[in-house]
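# Structure at a glance
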Number of protein chains: 2
Amino acid sequence: MEKKIGGQTLRLSHPPAIIACANIGGKQEGEGPLADYFDELSEDSFFGEKTWEKAESTMQKRVLNRALEKAGLRAKDVDFVFAGDLLNQCIGSSFSLRDFGIPFYGLYGACSTMGESLALASLLLDGGFGKIIAAMTSSHFCTAERQYRMPVPYGNQRTPTAQWTATAAGCSLLAAGGKGPVITHVTCGKVIDKGICDANNMGAAMAPAAYDTLSAFFQDTQTSPGDYDLIATGDLGRLGHDIVVDLFRADGIEMGENYTDCGLLLYDLKQQDMHCGASGCGCSASVLNGYLLRQMEERSWKKLLFAPTGALLSPTSSFQGESVPGICHAVLIEQRS
Amino acid sequence: MEKKIGGQTLRLSHPPAIIACANIGGKQEGEGPLADYFDELSEDSFFGEKTWEKAESTMQKRVLNRALEKAGLRAKDVDFVFAGDLLNQCIGSSFSLRDFGIPFYGLYGACSTMGESLALASLLLDGGFGKIIAAMTSSHFCTAERQYRMPVPYGNQRTPTAQWTATAAGCSLLAAGGKGPVITHVTCGKVIDKGICDANNMGAAMAPAAYDTLSAFFQDTQTSPGDYDLIATGDLGRLGHDIVVDLFRADGIEMGENYTDCGLLLYDLKQQDMHCGASGCGCSASVLNGYLLRQMEERSWKKLLFAPTGALLSPTSSFQGESVPGICHAVLIEQRS
């Protein structure tokens, strides 16, 4: 019965396929190098709504509808949706799902949510609990700034280690026995806290979690970084990416050229003023459900290890002097056709 | 492969057992009728910490440790923990889990979290993805008041429809093939929004979600309320409970004497000044993982239908004029020995 290999990784007996994916982005995402890989880009940060929070819900609505369209499915064909976001009480997800009538398990994994939702969707499909499951998340620069830092009109100065929360959403539709790249392995992360207290240095706070989960994955699967066409963490940005490389180097493991981070891909870090790179649930969600899955097909990649990370802080925890714990959830996506 | 019966309910092939449970409460919970059913009661609302938010994390830590002790297990024996809470970014759960090293899937289901965590834990065990999984949640009157309404020292006046957020936590340890009551069916809820905009009337906002999920459950399992020894919703309180009764009555279904709500059980509503009753994730979590599971054993109940509800609002969504969507996740717990 048990499907666990090693200490922390699950190998799926019936790997579910990503049968459709969709993403949506805002103005900055449209000015970045991945613009061509978005299904929809909006110049209007309100996405036609009156507030940015409602805009974020609308992004999730649209991205789910788009994924359903691409798959030729209706909402009632979907057994479950796993979704979450960064907003207090995850209102981005819950308000977006009001009109769909799809059974919904709400998640909170901060910026690891795309990994967490894909993991749980895969496990439920592998376990025979459904036929079609959606995995979805979003973030919005203006809702995140207001909630975590300062309202945007305040013109707050950003520190050099800061990242730019992506205004973006992504959705994957998974099916038991469908056509498309399949999820073959899932590694659930632990809460890792190395005592970083600077809430403006999320990369440093989350890197140890990425290292922990990826180490467990390599050990459990008896593989090394060179066995994968691409390893992509979620939104560690420039600093966090380099810390992961260093942490593995200390173990004698070279992450190599095929290790990247979605926070390095979404924007042009030379031209766009994004400091350490992109962040937010929507960063890895939109990069995966556009660029990465398209590249997998176009470049005939066989194995993509996707491992988004989340910083499990809140403004309250930081005000109370707490450090920033991180978590990283990994899924292995393979092209088998 | 598919385990779905009817439209929304899953019947488990290998029902996992609740091998141990634990709960913890505060002063008001210790003055209520269920005081004898708590593992630990604290007169100190800070639980030895400097802030109420840290107190809430400490409650989760203690309740997980207590459940592990009762089961004679260590943290490293646990494959996953599913946990979440009401605090922004769910810091009650993530900070509590820093020292355990257990792979963690974070949830946000508002006050339905005990149902959601039990559901996902059961599905993963039934699917063979682990041997031991913990399901846990908490709430704290003072953290919830500060976050959703007013800081407690402000002495805010409460409306008659208001409920009292329980200062409590509960944890269930589930095992594949263990000894104890088993979870045999799981019904995942949908987001239901009937347009209630009064954030101080959560019972009315959540009742339609309870009605929706319980209706689906009865239909899918071809059963009626009389088939269960007890049906307990989570924290609808007096008003929400009565609305559920009315909604079913309109369908010609009598919920009957065996339908109750954890929000009606936790406090003495005649003696304690709790208005419409208890609420918060910790309400249903502590009532289930104490009173209800003990009663199941002592009164030889065969079937307990546990269906906690969550209100998926945030202060921001209410400020922006939004209504209050609700969700309800149900699990059927059966005594088979």
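The structure this text deals with has already been given above.
This text gives an overview of the structure that appears in the document. (Residues numbered from 1 in each chain as written. Chains lettered and ligands numbered in written order. Predicted model: local features only at pLDDT ≥ 70, side-chain atom pairs only at ≥ 80, totals over all residues. Heavy atoms only, no water.)

### Observations concerning the side chain of threonine 137 of chain B
Residue and element names in this part refer to chain B. Note the cut-off: Only DSSP runs of H or I with at least four residues qualify as helices, and only runs of E with at least two residues qualify as strands; both kinds are numbered from the N terminus onward. The term polar contact refers here to a pair of N or O atoms within 3.5 Å; inside protein, the definition further demands a hydrogen-donor-capable atom paired with an acceptor-capable atom, and it admits residues adjacent in sequence only when both atoms are side-chain atoms. What makes two residues a contact is simply this: any of their non-hydrogen atoms within 4.5 Å.
Here threonine 137 is to be found in strand S7 (residues 132–139). In terms of polar contacts, threonine 137 uses its side chain to reach the backbone carbonyl oxygen of glycine 84, at 2.7 Å. The residues contacting threonine 137, other than those within four sequence positions of it, are Gln60, Gly84, Asp85, Thr113, Met114, Ala169, Gly170, Cys281 and Ala285.

### Comments concerning the packing of aromatic side chains
Quick reminder of the rule: Working definition: rings of Phe, Tyr and Trp (its six-membered ring) pair if their centres are within 6.5 Å, and the pair is stacked with planes under 30 degrees apart, edge-to-face with planes over 60 apart, and tilted otherwise.
Counted by the stated rule, this structure contains 20 aromatic pairs over all chains. Members of the aromatic cluster, each reached through a chain of ring pairs, are Tyr211, Phe217, Phe218, Tyr228 and Phe248 of chain A.

### What to know about the pattern of salt bridges
Basically, it comes down to this: When a carboxyl oxygen of Asp or Glu lies within 4 Å of a side-chain nitrogen of Lys or Arg, that pair is called a salt bridge. The rule is simple: take the accessible area with a 1.4 Å probe, protein chains only, and divide by the maximum for that residue type; under 20% is buried, over 50% is exposed, in between is partly exposed.
Taken as a whole and judged by the stated rule, the model has 26 salt bridges over all chains. In this structure, lysine 4 of chain B engages aspartate 79 of chain A in a salt bridge whose closest nitrogen and oxygen atoms are separated by 2.4 Å. Highlighted residues: lysine 4 of chain B in strand S1 (residues 4–5) and aspartate 79 of chain A in the loop between helix H2 (52–71) and strand S5 (80–85), drawn from two different chains. Classification of aspartate 79 of chain A by relative accessible area gives buried; the value is 8%. Among the ionic pairs, glutamate 298 of chain A bridges to arginine 294 of chain A, the shortest N-O distance being 3.4 Å. One end of the pair, glutamate 298 of chain A, and the other, arginine 294 of chain A, are both in helix H9 (residues 281–298), four residues apart, so they sit about a helical turn from each other. Residue glutamate 298 of chain A is classed as exposed on the basis of its relative accessible area of 52%. A network of salt bridges, in which partner residues are shared, links Lys54 and Arg98 of chain A together with Asp193 and Glu322 of chain B.

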